[in-house]
Amino acid sequence: MNFANSLAVGIREIWSHKFRSFLTMLGVILGVASLLSTFALTDGMAKASREYMTQMGGVERVNVIAQEVPQEQLLLADTSRGRTVEDAELIQRAAKHVSLVTPWYTQFVPLVRKSERLRAYIYGVWPDYVPINRHTVEFGRNITQTDLDEGRAVCVIGTRVIEQLWPEKPNAKPLGETLTINGKPFKIIGIFQLYENEDNRIARLKGKKPVLTTRKGKSYNPYTTKNTAVIIPLTTFYYEYRAANIVGVVDQGPIPKLDGLTIQATDPEHVQDAIDEVSSLLTQTHRGVDDFTFDTRQELAESIEKTAHNTRLTGGLIAGISLIVGGIGITNIMLASITERIREIGVRRAVGAKSGHIFTQILVESTVVGIIGGVLGLVAALGMTHLIKFTTDGASLPVIQTASVALSFGFAVLIGVLSGIYPAWTASRIAPIEALRYG
Amino acid sequence: MALIELREVTKRYRVGEQEIRALDGIDLTIEQGEYAAIIGPSGSGKSTLMHLLGCLDTPTTGKVVIDGVDVSSATDGRLAEMRNEKIGFVFQSFNLLGKFNVLENVELPMIYTGVSKKERRDRAIAAVERVGLMDRAKNTPLQLSGGQMQRVAIARALVNDPKIVFADEPTGNLDSTTGASILQLFRELSEQGRTIVLVTHDSEIADNAPRRIEIRDGKIVNRAAGFQSGIHTPPPPTA
Ligand SMILES: Nc1ncnc2c1ncn2[C@@H]1O[C@H](COP(=O)(O)OP(=O)(O)OP(=O)(O)O)[C@@H](O)[C@H]1O
Ligand SMILES: [Mg+2]
């Protein structure tokens, strides 16, 4: 007997008991749907995390952060000046595995334009700050060495700053205009691009509303902080906020201590080398005082992958169990259906079916149940993930990968085949005359 | 060589402690082209005998040769091939597949022969025409009368052009008029040269067949009355 015929008979058998077949498939449908949804959600979360991490500077970005001096060095602590611009200059000169470096200061200050006000963190930085933090100046230009040398009152600002301060025309490109930062006018020389996740960007380019919307219907963007960036030259910042430190009426003198020092390793493989170099350089300038340490994204990156892997595994296991339960359901129904169709088996045997033919017929039938259940499960998963897209206000949209679809569907088919083996074997073992005598 | 030859065939069933001798030393020869009726009371072993002749079962002891093939100890697969190529069955309860229409039911044996779809359809149509049911070709068995169902069963038995057609009480579920028309069909098939073995407990029905094989308690009890052809069964063993 040809395979096509078994298939036709199997489909007819399933179709003739539509409701029962659907119930039989339900386990497989739910199993596949939850398997694929789990994969989609996990992949979505991992993708969003990776995307976000890249936007924040990737694994190459390392912060040199201050730490408390250990107990035994307390007496020495005064000999170190902490992180300074000199440190940054030394790193720039001497660290082979560091490609970019920026010292920075920051302060939370009022920004004013006409009657509009916004409070935000401004950063005093070197030009490298922009590439290290994956910023892109879309209009105008970045801060330059000349700006630093002359301590110019210039700034580069993010799109959200414009949205907030130019509410009448949020898409304005106010290059050359003046922004009052903490009471002092700054000339806008550059505007950063709009930062957003991929799904949002695609939706916006297609002219649609952003995919990510809050329940209030307002556009939501997980990159708000990045879009609110305001940077000015480090030197300008220093003169404005750090050169004098007036407590009461007494000037305590300048504060050269940096708020931050950020480097970028030449590539992800040399992050540790870069850290080692910087560490030995700073140990000299800090006179052996252990008042700094490193904050890397490596652990975050690893934990993203690990979390994704674990969620995949746990969810996959639970979904897999429900698929197996679905398979047991198929076995059960197939056994019942064989008892029901024993006469048919007898007739087929009488006209020349071999036991192998009967085996194939039952196995094909359970496989078809698995396949149809698998397809319906995939459709259900698509529906579910689509629904999530519309209800979520989080950053991570589910991502359906071809491999996940193939894996979920393949598992359903496998379950269909496996669950048919025992019933098929039972059916094929019934002697022709026993089957004919029955009923 | 005869088409069917049985030598000292026994079929025993064991039910608990008890042994049932369904067939007890059968010697039988049926020639190509014969029309024979196996007759006997209920429980005498008619169906058991037919199952052996029809390769649905194998004997406990003895030898069964069908068309030159010793099927007494053949494998399950070989028996299936014999049934498929050389044997057609007609049952008392028709045994049609309820979910399939007339043509599909008639096509069934050819599916296991590996006949192409087109040829299957052509041959099924020819067989259904032969039994005069072409106008019901797309009906399912439930939409047919008993007599029509039995005609479909006969068409199915004939579609692979078998050497022998076995019919176990083919008129048992039919009224006398319908039964008579089915028997008429068998007579025509016989006249066309087909070997037919009819199983019945009814002497009148058995009269349709030129040869009568009477069976009682698993033994053949007398020579057939009336017309006989070819070599005959030996005299029944005296108890
Ligand atoms: N599978 C079996 N197990 C036990 N005994 C059996 C089996 N099949 C048949 N028999 C016994 O063998 C004997 C012959 O049965 P068989 O079916 O051949 O009779 P029959 O002549 O066809 O009767 P009927 O006219 O009622 O159909 C009976 O006594 C029956 O009980
Ligand atoms: Mg019987």
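Residues numbered from 1 in each chain as written. Chains lettered and ligands numbered in written order. Predicted model: local features only at pLDDT ≥ 70, side-chain atom pairs only at ≥ 80, totals over all residues. Heavy atoms only, no water.

A. Local environment of the site of ligand 1. Every one of the 13 residues lining ligand 1 counts as a neighbour, but Ser 42, Gly 43, Lys 46, Ser 47 and Thr 48 of chain B are closest to it. Lying at an intersection of chains, ligand 1 is approached by residues of chains A and B. Taking Gly 43 of chain B, its main chain carries an N or O atom lying 2.8 Å from an oxygen atom of ligand 1. Surface burial for ligand 1 is 68%, taken as the share of its 630 Å² of free accessible area covered by protein chains. Applying the majority rule of atoms within 2 Å of the grid points places ligand 1 in the second largest pocket. Looking at the shell around ligand 1, the elements that each hand over two or more residues are strand E1 (4-15), strand E2 (18-30) and helix H1 (46-53) of chain B. (Near = heavy atom within 4 Å. Polar contact = N/O pair within 3.5 Å; in protein donor to acceptor, adjacent residues only side chain to side chain. Areas by Shrake-Rupley, 256 points an atom, 1.4 Å probe, with all protein chains shown as cover. 1 Å grid on protein atoms, 1.4 Å probe; cavity = no way out; pocket = protein on both sides within 12 Å on 5 of 7 lines; lining within 4 Å. Sits in = over half its atoms within 2 Å of the grid points. Helix = DSSP H or I, 4+ residues; strand = E, 2+ residues; numbered from the N terminus.)

B. How the structure looks around the side chain of Asn 208 of chain B. By the element assignment, Asn 208 of chain B lies in the loop between helix H7 (203-206) and strand E9 (211-216). The contacts of Asn 208 of chain B, once residues within four sequence positions are left out, are Tyr 35, Leu 183 and Arg 187 of chain B. (Contact = heavy atoms within 4.5 Å.)

C. Up close: the domain arrangement of chain A. For chain A, the domain assignment lists domain 1 (3-53 + 303-437) and domain 2 (57-296). Relative placement of domain 1 of chain A and domain 2 of chain A: their C-alpha centres are 54 Å apart. (Domains from an automatic or database assignment.)

D. Structural view of helix H12 (residues 342-350) of chain A. Residues and elements named next belong to chain A. Burial within H12 is extensive, with eight of its nine residues counted as buried. Inspection of H12 places Ile 342, Glu 344, Ile 345, Gly 346, Val 347, Arg 348, Arg 349 and Ala 350 among the buried residues, and these make up the whole buried set. Phi for Gly 352, located one or two positions after H12, is positive at around 125 degrees. (Buried < 20%, exposed > 50% of the residue type's maximum accessible area, 1.4 Å probe, protein only.)

E. Expanded view of the sheet that holds strand E4 (residues 61-66) of chain B. On the basis of which strands lie adjacent, the open sheet formed by four strands has the order E2-E1-E4-E5 (chain B) and antiparallel pairing. Strands at the two margins of the open sheet, each flanked by one partner only, are E2 and strand E5 (69-70) of chain B. (Pairing = 2+ DSSP bridges.)

F. Summary view of the packing of helix H5 (residues 146-158) of chain B against helix H6 (residues 176-191) of chain B. Residues and elements named next belong to chain B. For the pair H5 and H6, interaxial distance at closest approach is 10 Å and the crossing angle is 20 degrees. Classified by the interaxial angle, the pair formed by H5 and H6 is roughly parallel. With respect to the hand of their crossing, H5 and H6 are arranged in right-handed fashion. For the pair H5 and H6, contact is made by Gly 147, Gln 150, Arg 151, Ile 154 and Leu 158 and by Thr 178, Ser 181, Ile 182, Leu 185, Phe 186 and Leu 189, respectively. In terms of residue class, the contact of H5 with H6 is built from six nonpolar, four polar and one charged. (Axes fitted to C-alpha atoms, helices over the stretch in contact; angles between N-to-C directions. Parallel < 35°, antiparallel > 145°, perpendicular 65-115°, else oblique. Left-handed = near helix turned anticlockwise from the far one by under 90°. Nonpolar A, V, L, I, M, F, W, Y, C, P; charged D, E, K, R; others polar.)

G. Expanded view of the packing of helix H2 (residues 18-55) of chain A against helix H14 (residues 402-428) of chain A. Residue and element names in this part refer to chain A. One way to put it is that H2 packs onto H14 with a least axis distance of 9 Å and a crossing angle of 160 degrees. One element, H2, and the other, H14, form an angle in the roughly antiparallel class. Considering only the axes of H2 and H14, their crossing is right-handed. Contacts from Val 28, Val 32, Leu 35, Leu 36, Phe 39 and Asp 43 of H2 reach H14 at Ser 404, Val 405, Leu 407, Ser 408, Phe 411, Ala 412 and Ile 415.

H. Spatial organisation of the environment of Leu 378 of chain A. Residues and elements named next belong to chain A. Looking at where Leu 378 falls in the secondary structure, it is placed in helix H13 (residues 355-391). With relative accessibility at 16%, the residue Leu 378 sits in the buried group. Note: C-alpha distance between Leu 378 and Val 156 (222 residues apart in sequence) is 48 Å. Excluding residues within four positions of it along the chain, Leu 378 makes contact with Val 32, Leu 36, Val 405, Ser 408 and Phe 409.

I. How the structure looks around the interface of chain A and chain B. Contacts between the two partners involve 25 residues from chain A, matched on the other side by 24 residues from chain B. Carbon and sulfur atoms make up 56% of the area that chain A and chain B hide from each other, which totals about 2200 Å². The largest contributions to the chain A side of the interface with chain B come from Arg 12, Val 351 and Ile 433 of chain A, which together make up 27% of the buried area. Here chain A is connected to chain B by four salt bridges. For Glu 13 of chain A, the salt bridge identified is with Lys 99 of chain B, shortest N-O distance 2.7 Å. (Buried area = accessible area lost by both parts, 1.4 Å probe. Salt bridge = Lys/Arg side-chain N within 4 Å of Asp/Glu carboxyl O.)

J. Quick look at the nonpolar core. Membership of the largest hydrophobic core comes to 75 residues, with the highest contact counts inside it found for Ile 4, Leu 6, Ile 26, Leu 49, Val 71 and Phe 166 of chain B. Apart from residues no more than four positions distant in its own chain, Leu 6 of chain B is found in contact with Ile 26, Asp 27, Leu 28, Leu 49, Leu 53, Lys 63 and Val 64 of chain B. Listed in part, the 46 residues of the second largest apolar core include Ile 122, Val 161, Leu 165 and Phe 292 of chain A. (Core = buried A, V, L, I, M, F, W, Y, C linked by side-chain atoms within 4.5 Å.)

K. Structural view of unusual backbone geometry. The phi torsion at Arg 134 of chain A lies on the positive side, around 55 degrees, for a residue other than glycine. Structurally, Arg 134 of chain A can be placed in the loop between helix H4 (129-132) and strand E4 (137-140). The backbone of Asp 217 of chain B shows a phi angle near 50 degrees, a positive value even though the residue is not glycine. The residue Asp 217 of chain B is located in the loop between E9 and strand E10 (219-222) in this model.

L. A look at the layout of surface pockets. For the second largest pocket, the calculated volume is near 560 Å³. Lining the second largest pocket are 23 residues, and of these Arg 437 of chain A together with Ser 47, Thr 48, His 51 and Asp 168 of chain B sit closest to its centre. Secondary structure elements with two or more residues in the lining of the second largest pocket: helix H15 (432-437) of chain A together with E2 and H1 of chain B. In terms of residue count, the dominant contributor to the lining of the second largest pocket is H1 of chain B (four residues). (Points joined across faces, edges and corners; volume = space filled by probe spheres on them.)

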